[in-house]
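# Descriptive structure summary
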Amino acid sequence: MNPLASTKRATRVLMALAAITSIFLTIGCGSGGNPIIIGKGGFSNASLSGSYAYTLKGYGLNAGSSTVAGFFVEGGVFTADGKGNITAATDDFVEQVGLGTQSILGTALTGTYSISSDGTGSLQFKSAGTLFGIFAITLSDTGSLYMEEADGGGTSAGSALLQSSTSTPSGTFVFRTHDVQTSSTIGTMAVSAGAVSGAYLMVQNGAPVSGSIGAGSMTAPTGGRGTVSYTVNGVPHSAEYYVVSANKFLLLDTTTAANILSVGLAEMQSDVTFSAASLSGSYVFGSSGETATPGFTNTAGVFTTDNVSQVTAATFDSVQDGSVSSDQTATGTYLIDNSIGNGSGSVTLGGLKRDIWMVSPTRAYFIALNGTNVEDGTIDQQSGTFTNTSLGTQGAFFMDGFNWNLIPFGAFTDVAFEDRVGTLVPSGSNTLGTNYLASYFGPDLPAGETSSFALSGTYSVASNGRTTATLTDNSGDSLGVVLYLTSNSTGYVLQSDAGYNMSGTFKAQTTP
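As the structure is a computational prediction, the values presented were derived from the model and not from experiment. Along each chain, residue indices are assigned from 1 in the same order as the chain's sequence is written. Where totals are concerned, whole chains, interfaces and linings use all residues; where local detail is concerned, this predicted model gives features only for residues with pLDDT of at least 70, and gives and counts side-chain atom pairs only at 80 or more. Values shown for side chains rest on all heavy atoms present in the structure; no hydrogens or waters enter the calculation.

## Some points on the overall build of the chain
Numbered from the N terminus, helices here are DSSP runs of H or I no shorter than four residues, and strands are runs of E no shorter than two. Across its full length, the chain carries one helix and 32 strands. When the 512 residues of the chain are sorted by exposure, 58% land in the buried category. Once local pairs closer than 6 in sequence are excluded, the contacts in the chain between residues at least 24 apart make up 55%. Note on areas: these come from Shrake-Rupley sampling with a 1.4 Å probe, and a residue is covered only by the protein chains present in the view. Looking at the chain as shown, the accessible area adds up to about 17,500 Å², and 53% of this sits on carbon and sulfur atoms. For the exposure calls, accessible area comes from a 1.4 Å probe over protein chains only, and a residue counts as buried if that area is under 20% of its type's maximum, exposed if over 50%, partly exposed in between. In this description, contact between two residues means that some pair of their heavy atoms is separated by no more than 4.5 Å.

## Digging into the packing of aromatic side chains
Here a pair means two rings of Phe, Tyr or Trp (six-membered ring of Trp) with centres within 6.5 Å. Their orientation is stacked below 30 degrees between planes, edge-to-face above 60, and tilted elsewhere. With the rule as written, the count across this model stands at 22 aromatic pairs. Look at Phe-173 and Phe-249: their rings are 5.0 Å apart centre to centre, the planes differ by 65 degrees, and that puts the pair in the edge-to-face class. On the criterion of sequence distance, the pair formed by Phe-173 in strand β9 (residues 171–179) and Phe-249 in strand β15 (residues 248–253) is long-range, its members being 76 residues apart. Overall, the relative accessible area of 0% leaves Phe-173 in the buried class. For Phe-249, a relative accessible area of 0% corresponds to the buried category. Through successive ring pairs, a cluster of aromatic residues spans Tyr-59, Phe-71, Phe-296, Phe-402, Phe-417 and Phe-441. To sit over a ring, a charge needs its Lys NZ or Arg CZ within 6 Å of the ring centre and within 35 degrees of the ring normal. Positioned above the aromatic ring of Tyr-365, the side-chain terminus of Arg-176 is 5.6 Å from the ring centre.

## Section: unusual backbone geometry
Not every positive phi belongs to a glycine, and Gln-181 is a case in point at roughly 65 degrees. Mapped onto the fold, Gln-181 is located in the loop between β9 and β10 (183–192). Positive phi outside glycine occurs at Asn-233, with the angle close to 55 degrees. You can see Asn-233 is positioned in the loop between β13 (225–232) and β14 (235–245). For Asn-233, a relative accessible area of 38% translates into the label partly exposed.

## Quick look at the pattern of salt bridges
Salt bridges are defined by distance alone: a side-chain nitrogen of Lys or Arg within 4 Å of a carboxyl oxygen of Asp or Glu. This structure, assessed with the given rule, holds eleven salt bridges. The salt bridge involving Lys-353 is made with Asp-355; its shortest N-O contact spans 3.8 Å. Each of Asp-92, Arg-225 and Glu-240 takes part in salt bridges that share partners, so that together they form one network.

## Quick look at the sheet that holds strand β6 (residues 130–141)
By the convention used here, strands pair only if DSSP detects at least 2 bridges between them. In spatial order, the strands read β1-β2-β3-β4-β5-β6-β7-β8; together these eight strands close into a barrel with antiparallel pairing. Neighbour to neighbour, the strand axes of the sheet diverge by 25 degrees on average, direction disregarded. Direction of pairing for strand β3 (residues 85–97) relative to strand β4 (residues 100–115): antiparallel, over a ladder of ten bridges. Considered in β4, the bridge of Asn-85 is made with Thr-112. Note on definitions: angles span 0 to 180 degrees between N-to-C directions of axes, and those axes are lines fitted to C-alpha atoms, for helices only across the stretch in contact.

## Considering the environment of Ser-478
Inspection of the secondary structure puts Ser-478 in strand β30 (residues 478–485). Spatially, the C-alpha atom of Ser-478 lies 9.2 Å from that of Asp-497, the residues being 19 residues apart in sequence. Residues in contact with Ser-478, not counting those within four places in the same chain, are Thr-470, Leu-471, Thr-472 and Asp-497.

## A closer look at the environment of Asp-477
Locating Asp-477 in the fold gives a position in the loop between β29 (466–472) and β30. Look past the residues within four positions of Asp-477 in its chain and what remains in contact with it is Leu-455, Leu-471 and Thr-472.

## What to know about the pairing of β29
Here β29 runs beside β30; their pairing, made up of seven bridges, is antiparallel. Within β30, the residue paired with Thr-468 across the bridge is Val-482. The hairpin turn running from β29 into β30, its antiparallel successor, is five residues long, and Gly-476 in that turn takes a positive phi close to 95 degrees.

## A few points about the side chain of Arg-466
Assignment of secondary structure puts Arg-466 in strand β29. Under this definition, polar contacts are N or O atom pairs within 3.5 Å; protein pairs additionally need one hydrogen-donor-capable and one acceptor-capable atom, and for neighbouring residues in sequence, both atoms have to be side-chain atoms. A polar atom in the side chain of Arg-466 sits 3.2 Å from the side chain of Tyr-484. Not counting residues up to four positions away in its chain, the partners in contact with Arg-466 are Thr-315, Asp-317, Ser-326, Asp-327, Ser-460, Val-461, Val-482, Leu-483 and Tyr-484.

## Considering the sheet that holds strand β12 (residues 207–218)
One closed barrel holds the eight strands; their spatial order is β9-β10-β11-β12-β13-β14-β15-β16, and the pairing between them is antiparallel. Strand-to-strand, the axes of this sheet are offset by a mean angle of 30 degrees, without reference to chain direction.

## Regarding the environment of Lys-126
Here Lys-126 is to be found in strand β5 (residues 120–127). You can call Lys-126 partly exposed: its relative accessible area is 31%. On a C-alpha basis, the gap between Lys-126 and Ala-108 in space is 8.7 Å, while along the polypeptide they are 18 residues apart. Setting aside residues no more than four positions away along its own chain, Lys-126 makes contact with Ala-108, Leu-109, Thr-110, Gly-111, Leu-131 and Phe-132.

## Quick word on the pairing of strand β31 (residues 490–495)
Of all six residues in β31, five are buried, a share of seventy percent or more. Between the end of β30 and the start of β31, which pair antiparallel, lie four residues. The pairing of β31 with strand β32 (residues 500–508) spans five bridges and is antiparallel. Across the sheet, residue Thr-490 finds its bridge partner in β32, namely Lys-507. Hairpin remark: β31 followed by β32, antiparallel, with four residues in the connecting loop; positive phi at Gly-499, about 95 degrees.

## Quick notes on the confidence of the model for the chain
Each residue carries a pLDDT score, the predictor's confidence in it, ranging from 0 to 100. For the chain, mean pLDDT is 89; residues scoring 70 or higher make up 89% of the total. Per-residue pLDDT stays below 50 along residues 3–34; that stretch engages in 67 contacts with residues further than four places along the chain or on separate chains. In the predicted structure, residues 406–413 sits below a pLDDT of 50 and forms 17 contacts with residues beyond four places in sequence or in another chain.

This is the structure we're talking about:
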């Protein structure tokens, strides 16, 4: 969100107010008069209650400008009262300005929100009574939601998680951070009595470098928000962190002196000594990042190991700079040798290496070593068997990326950054519907755009969890997607149409 407070001209506030009206109109009728896909209900304003931590990354107007735009990252905490009010929030924001970055930290906010019965809705932040930013949101349950900026000042995507703890983290955490267009980092962060140590693997300009984290520190959080400092590859980092639970926290890098635009997360590592046997069975993975073009890359897939050293089968789909490679198959090798730190290793599929760091035997973070691409993601152990009946529960989803096509939309025809949040409504047999709100912004689109979509079609689930779907609206426009099921209730989603770089995750909805 590019703040719409006094740092921006009054015209931005008027545009944002217009965006609010647009959002509610489009949610009500669907794009081009498309009928809304009817799904289950049960959500209300009461479903969003308590304190939540969030992070996002996106592209939008610089603070104080109506013409200059760049990448940005954002994070913070907010408290919802279960009645439609944001009683308190603190927002941190770091944006690209020319060849550098600048930060706006600790903005105090209040606001309002509205949740529809299917879990979709909107959230508005205000600073001293002035509109600050608007998000479209979709709840998967009372503890988590997807969110995207939808106020015309930019577009971004991320998530918010209910805070079950506001205490200083303690223990050994595996972390992953993504510095937009620059580097990907994974490693361990051991936190003890406020002291921070650990090890890392970073890939920058296609070259990996590893070592020990320089001595750092972590402050006690206030309202679930604190600061952490550490050193990676000789560069001192400072970051805001947002506690989710005793086992998880989110990260927003604030090292503006090093021109870093980075968000990340950290999860408590299992107290085991990892080995090849720790990565056993079938795993689904998803990743995204930037290319040197400059452009974008997205990948989703599944692989199976033999519990020793071999990847016996793998299937994956990828899109790079709008070019699609579908249903690729491969075999390969893997290694968990703990050479950098406990849980570190690699997986090689079809000649492409991915350095990994295991959080637990069921989850890992990874960096894709693919030329000068900056690509990273997560790996989750797959559970269950899969047929068309596996996809039978309505879910929330988000997708983040770029639309390379020349698309007629509203008053413009251009390429654009695009984000989506909404619901997937499967039948449990072979039909699928979706309702989502898309937010667009591009270098030549200073007003941004939002639009709602309602599409329906068919899907087919393979035994390895790879699911293909074709969705159309009532004008005949189609959308192709591939889903990789981690379980019957979670997975990764990738758009499989040329000219798009869009990917994300989905999670079955659990109503209160």
